[in-house]
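# Chains, contacts and geometry: an overview
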Amino acid sequence: MSARRSGLGRGLASLIPATTAAESDIAGLVEVPVGAIEPNPHQPRTNFDEDALAELAASIRELGVLQPILVRRVGEDAYQLIAGERRWRAAQRAGLATIPAVVRSADEERTVAEALVENLQREDLAALEEASAFQQLIEEFGLTHDQVAARVGKSRSAVTNTLRLLHLPASIQRLLADGRLSPGHARALLGTPDRAFQEQLARRAATEGWSVRQVEDAVRDRTAGGHTQRAPAPAARLRPPGLLELEQLLAEHLDTRVAIAMGTGRGRVTIEFADLEDLERIYRAMTEVPTPQL
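Cut-offs and rules
Residues numbered from 1 in each chain as written. Predicted model: local features only at pLDDT ≥ 70, side-chain atom pairs only at ≥ 80, totals over all residues. Heavy atoms only, no water. Helix = DSSP H or I, 4+ residues; strand = E, 2+ residues; numbered from the N terminus. Buried < 20%, exposed > 50% of the residue type's maximum accessible area, 1.4 Å probe, protein only. Contact = heavy atoms within 4.5 Å. Areas by Shrake-Rupley, 256 points an atom, 1.4 Å probe, with all protein chains shown as cover. Phe/Tyr/Trp six-rings, centres within 6.5 Å; stacked < 30°, edge-to-face > 60°. Lys NZ or Arg CZ within 6 Å of the ring centre and 35° of its normal. pLDDT = per-residue confidence, 0-100. Axes fitted to C-alpha atoms, helices over the stretch in contact; angles between N-to-C directions. Parallel < 35°, antiparallel > 145°, perpendicular 65-115°, else oblique. Left-handed = near helix turned anticlockwise from the far one by under 90°. Nonpolar A, V, L, I, M, F, W, Y, C, P; charged D, E, K, R; others polar. 1 Å grid on protein atoms, 1.4 Å probe; cavity = no way out; pocket = protein on both sides within 12 Å on 5 of 7 lines; lining within 4 Å. Points joined across faces, edges and corners; volume = space filled by probe spheres on them. Polar contact = N/O pair within 3.5 Å; in protein donor to acceptor, adjacent residues only side chain to side chain. Arc of directions from axis to C-beta.

### Description of the overall build of the chain
Tallying secondary structure elements over the chain gives 13 helices and seven strands in all. A burial count over the chain gives 42% of its 294 residues as buried. Here the analysis covers contacts within the chain between residues at least 6 apart in sequence; of these, 68% occur between residues at least 24 apart. When the accessible surface of the chain is totalled, it reaches about 16,400 Å², and 52% of it is carbon and sulfur.

Below, the structure written as structure tokens:
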């Protein structure tokens, strides 16, 4: 099949002057042979919807590739994807010989971050895929949670809470990956360290269609000292407004999830943390002395 001309408009062409692939190793808009591109080994997305790819391929046959992919040069006439794998795969299906691409120099750390950011902006990654990509930046490139957050444009607490999903048992991760539990359900299950109870509660929540609030209530009951699992009450129990306000204030101050349980003779405050680094951050937030206002 003959290659179809790209559908790039004059506006983009005027911003990134077109060059040939051999003319530049730095940023530039070029037509790159589809077969000269290899996928990004750090691609955070592991599953591509076949129907969506078929629709995109049909659109490319009709209109061309409307937005260039992002690649880096890895050899003579050889490129590696940084972002745009769905467009590249669809272009292959559409039978295109070349695809418009912006060529840029990028080290591996930047490649991972840009691939993740591009996916987040276009089509939400599955929660576990996102968590795995964050973990990759931390383990392979020695980044802190704050540095990951800065690179992907999220808050530190969002990065930390997403990473905590990797601490769940494999059986719960499967329920999350299959869509039988939401990320909210999974985060609620992290409120108890009892892995057997987590798995039991996850199975029941998935089977009976519990809401996130119901899972939170069951975990809170367990944390407050209960030793038997029971279904949450059909109607949410009312808690004192002052208690809710204090719980929210503590959570905002510590930038993590805080749960307060009140018993007949005593109460309990549960503060969640992801790892030792996060616990040290919470300690500093709890012990720092505010500077007096003059």
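Still more to cover.
### Some words on the packing of aromatic side chains
By the definition in use, this model includes zero aromatic pairs. Over the ring of F197 we find R222; its NZ or CZ atom is 4.4 Å from the centre of that ring.

### Description of the confidence of the model for the chain
Confidence in the prediction of the chain, expressed as mean pLDDT, is 75, and 70% of residues score 70 or more. The element-level mean pLDDT for the chain is lowest in helix α1 (residues 10–15), coming to 35, with strand β2 (residues 37–38) highest at 92. Per-residue pLDDT stays below 50 along residues 1–27; that stretch engages in 49 contacts with residues further than four places along the chain or on separate chains. For residues 227–238, every residue scores under 50 in pLDDT, and the model assigns this stretch 18 contacts once sequence neighbours within four places are set aside.

### Brief notes about the packing of helix α2 (residues 50–63) against helix α3 (residues 85–94)
Relative orientation of the contacting elements α2 and α3 amounts to 65°, with a least axis distance of 8 Å. By the angle between their axes, α2 is roughly perpendicular relative to α3. In the packing of α2 onto α3, the handedness of the crossing is right-handed. Between α2 and α3, the contacting residues are E50, A52, L53, A54, L56, A57, I60 and R61 on the first element and R86, R87, R89, A90, A91, R93 and A94 on the second. Here the contact of α2 with α3 is composed, by residue class, of nine nonpolar, no polar and six charged.

### With respect to unusual backbone geometry
Note: most residues except glycine have negative phi, and most peptide bonds are trans. Positive phi, normally seen in glycine, also occurs at D77, with a value near 55°. Examined against the element boundaries, D77 turns out to sit in the loop between β3 (69–75) and β4 (78–83).

### Looking at empty space enclosed by the protein
Scanning all chains against the criterion turns up two cavities of 30 Å³ or more. Together, G191, E216, V219, R220, T223, R257, A259, I260, A261, R268, T270 and E272 line the largest cavity. Among the elements of the structure, α11 (212–223), β6 (258–262) and β7 (267–271) are those that each provide at least two residues to the lining of the largest cavity. Considering every element that reaches the lining of the largest cavity, the biggest residue donor is α11, with four residues. Class assignment for the residues of the lining of the largest cavity results in four nonpolar, three polar and five charged.

### Quick word on the side chain of T192
Mapping T192 onto the fold places it in the loop between α9 (183–189) and α10 (195–208). What makes T192 buried here is its relative accessible area of 4%. One polar contact links the side chain of T192 to the main-chain amide nitrogen of D194, over a distance of 3.2 Å. T192 has contacts with F197, Q198, V219 and R222, leaving out every residue within four places of it along the chain.

### Let's talk about the environment of A196
Secondary-structure assignment places A196 in helix α10. You can call A196 exposed: its relative accessible area is 52%. Residues A196 and P169, spaced 27 residues apart in sequence, show a C-alpha to C-alpha distance of 8.9 Å.

### Re helix α6 (residues 145–152)
Inspection of α6 places H145, V148, A149 and V152 among the buried residues, and these make up the whole buried set. Seen from one end, α6 has its buried residues packed into an arc of 100°, which puts them on one side. G153 occupies a position one or two residues after α6 and carries a positive phi of about 70°.

### Side note on the environment of R257
In this fold, R257 is placed in the loop between α12 (241–254) and β6. Exposure remark for R257: the relative accessible area of 24% places this residue in the partly exposed category. Once the C-alpha coordinates of R257 and A188 are considered, the two residues, 69 residues apart in sequence, prove to be 9.8 Å apart. In contact with R257, other than residues within four places in its own chain, are R187, A188, E216, T270, I271 and E272.

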